[in-house]
Structures are given as structure tokens and as C-alpha cells.
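# Structural features, examined
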Amino acid sequence: MEHPGTVYHVIQRGNNREFIFDKYDDKAFLLDKIRFYKQRVGFTLFGYVIMGNHYHLIIQMHHSPLQKVMQMLNNCYSKYYNSVRKRTGHVFGGRYKAIPVQEDRYMLTLLRYVHQNPIRANICKHPWEYYWSSDNAYRRSINDLVDVDIMLNFLSPNRRKAVEKYVQFMSLEESDDFESLDLIGDESYALAVKPKREVLQRKRLDEILIETGLTLEEFNLVKSGSRKRSLTSCKETYAKEALKNGYTLKEIAGNISLTDVAIHKLLQKERHSVSTDNFAD
């Protein structure tokens, strides 16, 4: 079941992973239809990339269901593709994957993953070199298709500084753990996961994490479950503040790719340290 207002990472592949976007006109046609349905149906598009045999969207639906938009988009492209190549049969490899984005601030890491697809495919060395993604929309900080303001405002209220931070963040390498994002979650997983309904005025988990003073690189490491000792203090502060905000150990742990047992031990260690300090000379 889809939930209005939820942000989804959508992945759609060609049938048998065939290259169904191997020509300039193919990618241009798909992009034009994304723009058309955005104007017709209304949704927020945070990012995209069109590769040779698949595409990614970071999309938020408001009124119409995601399923309706994807059906119209894929059906339209399939008719175009089969007509141009004078063929019949399936163009896409089954139903799209739609993975809910549980935390808004995690979208920045997801956006980098999407924009670095061409780099991982050895097509280019830098995200801005690839024409068929939303990367340059963020670097120019304006676009008629991509809604760049939310992500850039998260980085800084000053637009020039926001773009500078965006460029810096996009240049960072992905962690090995995050590399598997494109493969996680099948259809049943994506539709079974419900977005968290935040309690009114309760801070989001990633907001609490950011407020510990992490840099963007450190934030990404913590989110991927890194066990670097230099991050322990921030994890402890994050866990304590999250508990004060009413989150469970399971919720706190899941947000930074740890187990609730690991968070419990982290808090116990912190309490023991405080107790020892109280008896120190």
C-alpha cells in the first residue's frame, strides 16, 4: 500500500536488463514524458538518472498514486520503443521497485548514489559530466523539472554556500554498504514498509543525528553503520537525545544501521563512564 506524501526511490529496469535507453532520442523521450506527467498529475521530483538499461527516480506523490504515474510513464515509453524499433513484447523487466525513504535527510545520500550511477558504470569520472541526470540542476540551483530547493536549503540557507556544499558532497565516494542500495528491497518489501508517522513537534532521527555536530561525510558513515571510534561520542549523544524524544531503541538503532542491542550497550557504556568520572579524584 502506498502512502501519500512518502518519498520513494523508484528503480525501473529494462526486460532482461536490456539496453532500452541506448540512444539519445530514447533518453530524451523518457525525460520529456516525466516532465509531461509531472505537469499533468503533480508530484515532487528530487532527482533522477537515466542509464542505458534502467532509470532511477526520487519522487514524492501528493494526490495521485505512484502506481498510476509509473503505469502511464512505462506504457507510453513501451509503445514508443516498440514502434521505433518495429518490435513487440515486453520492454521493462516486470514491475518497478519503490523503496520508501524513511528519513528526509537520508535523501541527500540517496541523491548522491543516484547521481554517481554513471561513475560506477565507468561512463564518466564526475557526476556533472553525465547529461542524463539531475546533478547539473543542483549545480545551477534551478530547473523546470527537478525540485532542488528542499535539498539545497538543508545544506545551507545561503544558496551559494548550499551549492558549494552540494558539489563537495557529490564528490565523496560511496561506502561499500550503500553500494547495495540498488539491490535491496523487492516489490513486497517496498510496499510492506510503512513510513514512520512522526509525533507532532518531535524531531526526526536524522535531525537529532545532524545536531551532534557531524560533518556530511561523518553523517554518511554513521548512517551506513560505520564502527569508527571517532564517531562513538556522536552516536552516544544521538542515542540519548533520541530517547528523550520518545524513540525506541529499535528505531534509534535502525536509523544508523545498528541493532537495538548495540545501542543498549552504547548507552550502558556511557552511563558507566559517567559513574566512574563521579568517583574520580
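Residues numbered from 1 in each chain as written. Predicted model: local features only at pLDDT ≥ 70, side-chain atom pairs only at ≥ 80, totals over all residues. Heavy atoms only, no water.

### Things to note about the confidence of the model for the chain
On average, residues of the chain carry a pLDDT of 82, and 83% of them reach 70 or more. Contacts for the low-pLDDT stretch residues 176-201, under 50 throughout, to residues beyond four places or in other chains number 45 contacts. (pLDDT = per-residue confidence, 0-100. Contact = heavy atoms within 4.5 Å.)

### Some remarks on the pairing of strand 1 (residues 7-13)
Working note: regular strand, side chains alternate between the two faces of the sheet. Burial analysis of strand 1 places seven of its seven residues in the buried class, which makes it a mostly covered element. By the alternation rule, side chains of strand 1 split into Val 7, His 9, Ile 11 and Arg 13 and Tyr 8, Val 10 and Gln 12, which are all buried. Note that strand 1 and strand 3 (residues 54-61) share seven bridges and pair antiparallel. Of the residues in strand 3, the one forming a bridge with Val 10 is Leu 57. Here strand 1 pairs with strand 4 (residues 97-100) via four bridges, running antiparallel. Bridged to Val 10 within strand 4 is Ala 98. (Buried < 20%, exposed > 50% of the residue type's maximum accessible area, 1.4 Å probe, protein only. Helix = DSSP H or I, 4+ residues; strand = E, 2+ residues; numbered from the N terminus. Pairing = 2+ DSSP bridges.)

### Considering the environment of Ile 123
The topology assignment puts Ile 123 in the loop between helix 4 (117-120) and helix 5 (135-140). Under the relative-accessibility criterion, Ile 123 is labelled partly exposed at 49%. For the pair Ile 123 and Met 51, spaced 72 residues apart in the sequence, the C-alpha separation amounts to 9.8 Å.

### As for helix 3 (residues 107-115)
Counting buried positions along helix 3 gives nine out of nine residues, so the element sits mostly inside the fold. Here helix 3 has its buried residues at Met 107, Leu 108, Thr 109, Leu 110, Leu 111, Arg 112, Tyr 113, Val 114 and His 115.

### With respect to the packing of aromatic side chains
Summed over the entire model, instances satisfying the criterion amount to 13 aromatic pairs. Consider the rings of Phe 29 and Tyr 80, whose centres lie 4.1 Å apart with planes at 10°: the pair is stacked. Linking Phe 29 in helix 1 (residues 24-41) with Tyr 80 in helix 2 (residues 66-84), this pair joins segments that are 51 residues apart in sequence. Centre to centre, the rings of Tyr 138 and Tyr 166 are 5.2 Å apart; their planes meet at 15°, and the pair counts as stacked. (Phe/Tyr/Trp six-rings, centres within 6.5 Å; stacked < 30°, edge-to-face > 60°.)

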